[in-house]
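# Examination of the molecular architecture
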Amino acid sequence: MDVGSAVATPLENSSDSKLKRASFGSAAAPLLESWIDAMDEELPVLTNFILPSGGQAAAFLHLARAVCRRAERSVILLVSQGACEEGVAVYLNRLSDYLFTVARIASKRAHQPETIYKKA
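What comes next concerns the included structure. (Residues numbered from 1 in each chain as written. Predicted model: local features only at pLDDT ≥ 70, side-chain atom pairs only at ≥ 80, totals over all residues. Heavy atoms only, no water.)

### Looking at the packing of aromatic side chains
Tallied over the full model, the rule gives 1 aromatic pair. Relative to tyrosine 98, the ring of tryptophan 35 lies with its centre 5.8 Å away and its plane at 55°, an arrangement referred to as tilted. Of this pair, tryptophan 35 sits in helix α3 (residues 28–40) while tyrosine 98 sits in helix α5 (residues 86–109), and the two are 63 residues apart along the sequence. A relative accessible area of 41% means that tryptophan 35 is categorised as partly exposed. (Phe/Tyr/Trp six-rings, centres within 6.5 Å; stacked < 30°, edge-to-face > 60°. Helix = DSSP H or I, 4+ residues; strand = E, 2+ residues; numbered from the N terminus. Buried < 20%, exposed > 50% of the residue type's maximum accessible area, 1.4 Å probe, protein only.)

What follows is the structure in structure tokens.
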């Protein structure tokens, strides 16, 4: 699985051999979902929105999630234009959820509290 190759190989004007080599597939997203489900078992259920917090490792993971969401928005545009496989957008969506869950795990393991969002 290589997001970069899939995004850099436009569906509408790439040769069959390049499309085959850059094909993304759909197996990666379910794998991420299984990892998320396994980690969710050791986390408390969320009843509120939380802000990025929980120590340095969790903060970096929340930052990675924000970057992943930005990439997802760009890929969604490419998918809507027929230039990229939908599986890439699905994978990026699941990856950002995975990064969120890992950030929560990092916070828990560092014994750092999660900051609950409170409307100002």
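### Section: unusual backbone geometry
Residue histidine 111 is not a glycine yet carries a positive backbone phi of 55°. Within the secondary structure layout, histidine 111 lies in the loop between α5 and β2 (115–116). Of the residues examined, histidine 111 reaches a relative accessible area of 72% and is grouped as exposed.

### A short note on the environment of leucine 77
Take leucine 77: it is sitting in helix α4 (residues 56–80). Between the alpha carbons of leucine 77 and alanine 89 there is a distance of 9.5 Å; along the sequence they are 12 residues apart.

### Focus on α5
The first and last C-alpha atoms of α5 sit 35 Å apart over 24 residues, in line with the 34 Å expected at 1.5 Å per residue. Most of α5 is tucked away: 17 of the 24 residues are buried. (Expected span 1.5 Å × (residues − 1).)

### Digging into a nonpolar patch on the surface
A cluster of nonpolar side chains, contributed by Phe49, Leu51 and Tyr117, occupies part of the molecular surface with about 350 Å² of accessible area. Structurally, tyrosine 117 can be placed in the segment after β2. (Patch = residues over 30% accessible without salt bridge, like charges linked within 9 Å, V, L, I, M, F, W, Y side chains within 5 Å. Areas by Shrake-Rupley, 256 points an atom, 1.4 Å probe, with all protein chains shown as cover. Salt bridge = Lys/Arg side-chain N within 4 Å of Asp/Glu carboxyl O.)

### Structural notes on the packing of α4 against α5
Where α4 contacts α5, the two axes come as close as 8 Å, and the packing angle between them is 170°. Between α4 and α5, the crossing angle belongs to the class labelled roughly antiparallel. (Axes fitted to C-alpha atoms, helices over the stretch in contact; angles between N-to-C directions. Parallel < 35°, antiparallel > 145°, perpendicular 65-115°, else oblique.)

### As for the side chain of glutamate 72
Its location among the elements puts glutamate 72 in helix α4. Among residues more than four places away in sequence, those in contact with glutamate 72 are Ala89, Leu92, Asn93 and Ser96. (Contact = heavy atoms within 4.5 Å.)

### A short note on the pattern of salt bridges
Scanning the model with the defined rule gives 6 salt bridges in all. Among the salt bridges present, the one from aspartate 97 reaches arginine 94, with a minimum N-O distance of 2.0 Å. Separated by 3 residues within a single helix, aspartate 97 and arginine 94 lie in helix α5, roughly one turn from each other. The salt bridge involving glutamate 114 is made with arginine 104; its shortest N-O contact spans 2.7 Å. Here glutamate 114 is found in the loop between α5 and β2, whereas its partner arginine 104 is found in helix α5, with 10 residues between them in sequence.

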